[in-house]
Amino acid sequence: MRDKFLTYGSILFLLSLTLAWFFHGWIWLAAIIGLLFFIGILNTLQKKHTVLRNFPVLGYFRYFFESIAPELQQYFIERNIDGRPFSREHRNIAYERSKNLESTTPFGTKQDITKANYEGLRHSIYAAPILKELPRLLVGGAQCRQPYDASLLNISAMSFGALSANAVQALNLGAQRGHFFQNTGEGGLTEYHLKGGGAICWQIGTGYFGCRSDDGHFDPEKFRVNAAHPHVKMIELKISQGAKPGHGGVLPASKNSEEIARIRGLKPHTDVISPPSHTAFSDAKGFVAFIARLRELSEGKPVGFKLCIGRTEEFIELCEEMNLQQIYPDFITVDGAEGGTGAAPLEFVDSVGIPLEPALIFVHKTLQKFGIRGKLRLICSGKILTGASILRAIALGADMCNSARGFMFSLGCIQALRCNTNKCPTGVATQNKMLVKGLVVLEKKDRVYYFHRNTLLAAMELLAGCGKKDFSEVSMDMFMKGDEFVHLSDLYFPNYLDDYTRVSKGGEYFSAKQRHHISHGNGHEKA
């Protein structure tokens, strides 16, 4: 193709020059062809891109279509029930609820509910009254001096840096109106988290942003000052994140502005990769003692930790150490491996960590085994978006739920998958000032509020439909899986092949049912 381009390009350029010589109005054609021919020659000489070297000029179409592949997929290929991580159907329900619109769907389900992996709720013919007030729970154990009355659904950890200033402010204002908390993420406590007056769960990551010494370690005095802020209601120690467990937080250089660098105490316009583990402790004994230290420094506010389960024996060791020291966190946040992130290596996203369902079951049962479950609250995060997902999480053992991407949808996120490029088109996950201006705080704060409220109302309706009067009554007996239908069909439909299949044994023929009776010592009849 390279040789053809040079040959035909030379001919076309000479012809265009000849045409322009006799007809001066065609000079523009010669200019365009000349420019393209010049670019093509440069393409053939460069050694960095093989496609452009072999297909001069035409190779640019490959890069163009690659750049808009997510849009092509979402707008022209994806069906309503397709799309990853969230289907169009689920994104739409988040948009409708955040706009306080009627979130209904016509003509019946689009899901294949006959498959073995289908999961549904078992409703009751004796529906209970719908709860009048949104559910709340008290967070704070016996060792906590300032317990916090929390909502059942809250904003999961998202840092300023991963999100824009306008996004953080809108989330906080929505949280203030709806009386639920916003988790700061590991990027630190900033003025944008505090402007709106909403409740804050301050997350402390391995980078210790907001309580970081000059050499990058934990600074107790800085922690004490920030923890004393009246809007800070809870402290969360981040051990690992579901989207990238075993890897520190990542903020690409393109999003590390001078403002963010100043807040975090770092050099601007460089990649920020937090350490994979904490320097304040190195074993279960130090971990548990550090929880007690944070609680004391914060004047008794609820202190807990967040983790994605990996090596189960390490969590068991933690429980043993809690009982040994008689020190217990006020809450534990279990993050599933399907959780979201602004930026992470693909191998960590796809191949590390345990998904929410088995992780939550394991943590819940292990805490029960060690007699700890009643001493703390269990929070979960990982693709919590609908009322059904909230009920499912509670049935698996959670007390409360956190959602990150659900609240991003309420801000206007369109799942453009540009979070790690600083080019988020909706101004949610970018530091580009021009794009950020498109997100109007006073408009989006109400959408955050309505998403929270309407999602909980949906969960309350489902709860009542299942005959339950309170969220404390939620259990796994409310749910059914599609493989139960397969088993039921096997029991109901007669198996004619089995009934009439004959097998010879010692000159006698038996049906499958007769062979079953023989094997159980019930005798037999001759065929």
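All chains use their own residue numbering, which begins from 1 and follows the written sequence. The model is predicted, so local features are restricted to residues of pLDDT at least 70 and side-chain atom pairs to those at 80 or more, both for listing and for counting; the totals for chains, interfaces and linings are taken over all residues. Where side-chain values are given, they derive from all heavy atoms of the structure, hydrogens and water being excluded.

Now for the overall build of the chain. The helix and strand labels rest on DSSP assignments: H or I over at least four residues marks a helix, E over at least two residues marks a strand, and numbering proceeds from the N terminus. The number of helices and strands found in the chain is 21 helices and 16 strands. The globule rule used for comparison is 2.2 Å times the number of residues to the exponent 0.38, while the radius of gyration itself is calculated over C-alpha atoms. Here the chain has a C-alpha radius of gyration of 30 Å; the compact-globule value for 527 residues is 24 Å, and the former is much larger. Dimensions of the chain, computed from C-alpha atoms along their principal axes, come out at roughly 105 × 85 × 45 Å. Throughout, exposure labels follow a simple rule: accessible area from a 1.4 Å probe, protein chains only, divided by the maximum for the residue type, with under 20% read as buried, over 50% as exposed, and the rest as partly exposed. Burial analysis of the chain (527 residues in total) assigns 46% to the buried set. Only four residue types enter the charge count, namely Lys and Arg as positive and Asp and Glu as negative; His and the chain termini do not. A charge is said to be at NZ when it belongs to Lys, at CZ for Arg, at CG for Asp and at CD for Glu. Side chains of the chain carry 60 positive and 50 negative charges; the gap between the two charge centres is 5 Å.

On to a nonpolar patch on the surface. What makes a patch is a set of residues exposed beyond 30% relative accessible area and free of salt bridges, joined within 9 Å when like-charged and within 5 Å when nonpolar (Val, Leu, Ile, Met, Phe, Trp, Tyr). Accessible surface is estimated by sampling points in the Shrake-Rupley manner with a 1.4 Å probe; for residues, cover comes only from the protein chains shown. Basic side-chain nitrogens of Lys or Arg form a salt bridge, by our definition, when they fall within 4 Å of a carboxyl oxygen of Asp or Glu. Side chains of M1, V51, F55, L58, F61, F64, F65, L72, Y75, F76 and I77 sit close together on the surface and give an oily, nonpolar patch of about 1100 Å² of accessible area. Breaking the nonpolar patch down by element, the ones donating at least two residues are helix 4 (59–67) and helix 5 (69–77). Among the elements that make up the nonpolar patch, the one with the highest residue count is helix 5 (four residues). Examined against the element boundaries, F61 turns out to sit in helix 4.

This part covers the packing of aromatic side chains. Whether two aromatic rings pair depends on their centres lying within 6.5 Å, for rings of Phe, Tyr and Trp, where Trp uses its six-membered ring; planes under 30 degrees apart make the pair stacked, over 60 edge-to-face, and the rest tilted. Scanning the entire structure with this criterion turns up 19 aromatic pairs. Between F218 and F290, the aromatic rings sit 5.1 Å apart at their centres with planes inclined by 80°, giving edge-to-face as the arrangement. With F218 in the loop between strand 6 (199–204) and helix 9 (220–227) and F290 in helix 11 (residues 284–297), the pair connects residues that are 72 residues apart, well separated along the chain. Under the relative-accessibility criterion, F290 is labelled buried at 4%. On the numbers, 5.0 Å between centres and 5° between planes, the contact of F281 with F287 is stacked. For F287, a relative accessible area of 6% corresponds to the buried category.

This part is about the pairing of strand 13 (residues 400–403). Here strand 13 shows two buried faces, one formed by M400 and N402 and the other by C401 and S403. Across three bridges, strand 12 (residues 377–381) lies against strand 13 in parallel orientation. When the bridges of strand 13 are listed, C380 appears paired with C401. By convention a crossover is right-handed if, when the strands point away from the viewer, the path from the first strand over the helix to the second runs clockwise. Between strand 12 and its parallel partner strand 13, the chain crosses via helix 15 (residues 387–396), and the hand of that crossover is right-handed. For two strands to be treated as a pair, DSSP must find at least two bridges joining them.

Looking at the secondary structure, you find R264 in helix 10 (residues 258–264). Despite being buried, R264 has no salt bridge partner; E186 is the closest side chain of opposite charge, sitting 6.4 Å away. Here, residues are in contact when the closest pair of their heavy atoms is within 4.5 Å. Each residue touching R264, except ones within four places of it in the same chain, is listed here: S159, F160, G161, G187, F209, R212, L251 and V272.

The subject of this paragraph is the environment of I41. Note that I41 resides in helix 2 (residues 27–45). Put simply, I41 and L6 are 35 residues apart on the chain and 7.6 Å apart in space, counted from C-alpha to C-alpha. Residues in contact with I41, not counting those within four places in the same chain, are F5 and L6.

Every residue carries a pLDDT, the predictor's confidence in it, which falls somewhere between 0 and 100. The predicted model of the chain averages 89 in pLDDT, with 93% of residues at 70 or higher. Contacts for the low-pLDDT stretch residues 523–527, under 50 throughout, to residues beyond four places or in other chains number eleven contacts.

The subject of this paragraph is helix 12 (residues 312–325). Here a helix's expected span is defined as the number of its residues, less one, multiplied by 1.5 Å. Between its first and last C-alpha, helix 12 extends 20 Å over 14 residues, near the 20 Å set by a 1.5 Å rise per residue. Those residues of helix 12 not exposed but buried are F315, L318, C319, E321 and M322. All buried residues of helix 12 project into a common sector of 165° when viewed along the axis, lining one side. Considering only its buried residues, helix 12 is in contact with helix 11, strand 10 (303–307), strand 11 (331–335) and helix 14 (356–369). The positive-phi residue at the C-terminal boundary of helix 12 is Q326, with phi of around 55°. The directions from the helix axis to the C-beta atoms are what the arc is built from.

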